[in-house]
Amino acid sequence: VRLSDSGILVDIGYLAQCRNEGAQSDIQPLQSAAIGWSDDRIDFVGPETDLPFELRERTTHSAEGRTVIPGLVDCHTHLGFGGWRADEFRMRIEGKSYLEIAAAGGGIRKTMAQTRAASEEDLIRHCRTYLKQYLELGVTAVECKTGYGLSFEEELRLLRVYRKIGLEVPLDIVSTLLAAHVVPEPEECNKKCYIQMICDELIPAVAAEDLATFNDIFVEEGAFSADDARRILGAGQAHGLKAKLHIDQLGDSGGGALAAELRAISADHLEYTSEEGMNAMAQSGVVGVCLPFASLYLNQPPMKARSFIEAGASVAVATDFNPGSAPSFDLPLAMMLACTMSRMTPAEALKGATIIAARALNRDSQYGSIEVGKLANFAELSVDDVDHWMYHFRPNVCEATWIGGRPVHGLSTPPNS
Ligand code: NIG
Ligand code: FE
């Protein structure tokens, strides 16, 4: 290990470790702390006074008293899309519903057409733009779903875009196949063929090229049923793709029980999930993903994250970034809304956007907390502590972002090596 591949960050005023243990509210805070890393991995975290003598020789960076948190993880986005739908935003305010607009030619199928019309270069440029801005917010990993290609070739094309952009940016890009977003043509007779194509052709091709980690489905009126989910998610699991679900967003479809039955890694949205569903998820360890922007923009009741946590479930927070129901990628703002709308405490929201989000991506052994052995991914915030960050919400308080021990955003103080 060369000297430049190791370092220490000292003068951390407040450090939230966010280890995968204890209550969701227990972020294991430290004061006057330091972090050390060698190569891309953390090898020390603790009070600065405990910093071993040998580590003090390393390249030293100062956090100047700031708060340091694990790199944020956005575990639910639809990043790859062409075009926008601001007209639908206005139409919903004027009184039309999400399902009415979709039935009249808007919605997911409209974005499908615009995404298909975009070149690969357009899509890569689009992803690059937002991933750069994610770094400025302290986000170091982003899950990216397909779902606007909706054919064998077009879904693969989106996954290949994610693979390419993932090789270019420092963030971890985790890909999810969401071919089962809607049926590309509205006629019911096409549904059978489309599902068969997903199960018999697309999933095997995705697995053969190792293009995705997860397989997702939108279970809703106008999209897919619980039985479709059993079939499509089962086909994915047979090819090593772990299951995720969009469920109970616009009504209760028994989402919690279905997610537990299918051993999904996460169930997302959950605005209408029953108490029974919450208990089923808690017992089977399915992570619930709270998506406040979707509830806010669609004027839906928010997910009852407080009740999920009290039932013993873990709740992640994500943006759901997409051009329809959630046209924002501001993860800290989503965290603040998870506090005010879904009654999560700021500490719970922080764990929800770090270690629990990493769990929803099956990456919690790699990142999501500041602890020895994990990637040195963290963000420096100009806030006193986590409560104050969420309470006095400002556009962006992230002064610096680090991935694998390397600065990827912000001007950290020149190192005194
Ligand atoms: O997660 N719920 C389904 N899919 C997206 C919305 C996609 C769109 O409207 O384009 C969501 O909210
Ligand atoms: Fe979504």
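Computed from a prediction, not measured in an experiment: that's the story for all the values here.

Calculation rules
Residues numbered from 1 in each chain as written. Chains lettered and ligands numbered in written order. Predicted model: local features only at pLDDT ≥ 70, side-chain atom pairs only at ≥ 80, totals over all residues. Heavy atoms only, no water. Helix = DSSP H or I, 4+ residues; strand = E, 2+ residues; numbered from the N terminus. Rg over C-alpha atoms; globule rule 2.2 N^0.38 Å. Buried < 20%, exposed > 50% of the residue type's maximum accessible area, 1.4 Å probe, protein only. Contact = heavy atoms within 4.5 Å. Areas by Shrake-Rupley, 256 points an atom, 1.4 Å probe, with all protein chains shown as cover. Lys, Arg positive; Asp, Glu negative; His and termini not counted. Charge placed at Lys NZ, Arg CZ, Asp CG, Glu CD. Arc of directions from axis to C-beta. Near = heavy atom within 4 Å. Polar contact = N/O pair within 3.5 Å; in protein donor to acceptor, adjacent residues only side chain to side chain. 1 Å grid on protein atoms, 1.4 Å probe; cavity = no way out; pocket = protein on both sides within 12 Å on 5 of 7 lines; lining within 4 Å. Sits in = over half its atoms within 2 Å of the grid points. Salt bridge = Lys/Arg side-chain N within 4 Å of Asp/Glu carboxyl O. Points joined across faces, edges and corners; volume = space filled by probe spheres on them. Nonpolar A, V, L, I, M, F, W, Y, C, P; charged D, E, K, R; others polar. Donors = N, O, S within 2.8 Å, 3.2 Å for Na, K, Ca; no water. Phe/Tyr/Trp six-rings, centres within 6.5 Å; stacked < 30°, edge-to-face > 60°. Lys NZ or Arg CZ within 6 Å of the ring centre and 35° of its normal. Pairing = 2+ DSSP bridges. Axes fitted to C-alpha atoms, helices over the stretch in contact; angles between N-to-C directions. Disulfide = S-S within 2.5 Å.

Caption draft 1: Quick peek at the overall build of the protein chain. Along the backbone of the protein chain there are 15 helices and 16 strands. On C-alpha atoms alone, the protein chain measures out to a radius of gyration of 21 Å, which is about the 22 Å that the 2.2 N^0.38 rule sets for 417 residues. Considering only C-alpha atoms, the protein chain reaches an extent of 70 × 45 × 40 Å along its principal axes. The buried share among the 417 residues of the protein chain stands at 59%. For the protein chain, the share of sequence-separated contacts (at least 6 apart) that also reach a separation of at least 24 residues comes to 71%. Total accessible area computed for the protein chain in this model is approximately 16000 Å², and 50% of it derives from carbon and sulfur atoms. Averaging the positions of the 37 positive and the 57 negative side-chain charges in the protein chain gives two centres separated by 3 Å.

Caption draft 2: Structural detail: helix α3 (residues 107-117). If you check which residues of α3 are buried, you get Gly107, Ile108, Thr111, Met112 and Thr115. The arc that holds the buried residues of α3, viewed along the axis, is 140 degrees, so those residues lie on one side. Where α3 is buried, its residues contact α1 (86-93), α2 (98-103), α4 (120-136), α5 (152-168) and β9 (214-218).

Caption draft 3: Structural context of the site of ligand 1. Around ligand 1 lies a shell of 15 residues, among which Arg85, Tyr98, Tyr148, His181 and Ser325 are the nearest. A distance of 3.1 Å is found between an oxygen atom of ligand 1 and a side-chain nitrogen or oxygen belonging to histidine 246. Residue glutamine 249 places a side-chain N or O atom 2.8 Å away from a nitrogen atom belonging to ligand 1. Expressed as a share of its isolated accessible area of 330 Å², the protein-covered part of ligand 1 is 100%. Because more than half of its atoms lie within 2 Å of the grid, ligand 1 is assigned to the largest cavity.

Caption draft 4: Main features of the pattern of salt bridges. Scanning all chains against the criterion turns up 24 salt bridges. Taking the shortest distance from any N to any O, the salt bridge between lysine 132 and glutamate 136 comes out at 3.1 Å. One end of the pair, lysine 132, and the other, glutamate 136, are both in helix α4, four residues apart, so they sit about a helical turn from each other. Residue class for lysine 132 comes out exposed when judged on its relative accessible area of 54%. The shortest N-O distance in the salt bridge between arginine 363 and aspartate 172 comes to 3.0 Å. Here aspartate 172 lies in strand β8 (residues 172-180) and arginine 363 lies in the loop between α14 (355-360) and β14 (378-381), a separation of 191 residues in the sequence. Several salt bridges share partner residues, and in doing so they unite Glu64, Arg66 and Glu380 into one network.

Caption draft 5: Here's a closer look at the layout of surface pockets. The volume enclosed by the largest pocket comes to roughly 300 Å³. Along the walls of the largest pocket sit 20 residues, with Arg163, Ser175, Asp210, Leu211 and Thr213 positioned nearest its centre. Of all elements in the fold, only α5, β8 and α6 (189-208) reach the threshold of two or more residues within the lining of the largest pocket. Residue contributions to the lining of the largest pocket peak at five residues, all from α5. The residue makeup of the lining of the largest pocket, split by class, is eleven nonpolar, five polar and four charged.

Caption draft 6: Quick peek at the coordination of the iron ion (ligand 2). Those protein atoms acting as donors to the iron ion (ligand 2) are His76 (NE2), His78 (NE2), His246 (NE2) and Asp320 (OD), and they sit at 2.0 to 2.2 Å. Written as a sequence motif, the donor arrangement for the iron ion (ligand 2) is H-x1-H-x167-H-x73-D. Remark: histidine 246 occurs in strand β10 (residues 242-247) and histidine 76 occurs in the loop between β6 (72-74) and α1; sequence separation between them is 170 residues. Taken individually, histidine 76 and histidine 246 each receive the classification buried, so the pair is uniform in this respect.

Caption draft 7: Here's a closer look at the packing of aromatic side chains. One pass over the full model with this rule turns up 13 aromatic pairs. Between phenylalanine 378 and tryptophan 402, the aromatic rings sit 5.8 Å apart at their centres with planes inclined by 35 degrees, giving tilted as the arrangement. Highlighted residues: phenylalanine 378 in strand β14 and tryptophan 402 in strand β15 (residues 398-403), separated in sequence by 24 residues. On the accessibility criterion, tryptophan 402 (1% relative accessible area) is buried. An aromatic cluster of three or more residues is present, and its members are Phe81, Trp84, Tyr130, Tyr134, Phe321 and Phe329. For lysine 244, the ring lying beneath its charged end belongs to phenylalanine 214, and the centroid distance is 4.9 Å.

Caption draft 8: Highlighting the sheet that holds strand β12 (residues 287-290). Here eight strands make up an open sheet; going across it, the order is β6-β7-β8-β9-β10-β11-β12-β13 and the pairing parallel. Looking at which strands have only one partner, the edges of the open sheet turn out to be β6 and β13 (315-317). With direction set aside, neighbouring strand axes in the sheet form an average angle of 25 degrees. Here β8 pairs with β9 via three bridges, running parallel. Bridge pairing in β9 links leucine 177 to asparagine 215.

Caption draft 9: Structural context of the state of the cysteines. According to the stated counting rule, one finds zero disulfides in the structure shown. You can see cysteine 75 has no disulfide; the closest cysteine sulfur is in cysteine 290, sitting 10 Å from it. Take cysteine 75: its relative accessible area is 0%, and that puts it in the buried class.

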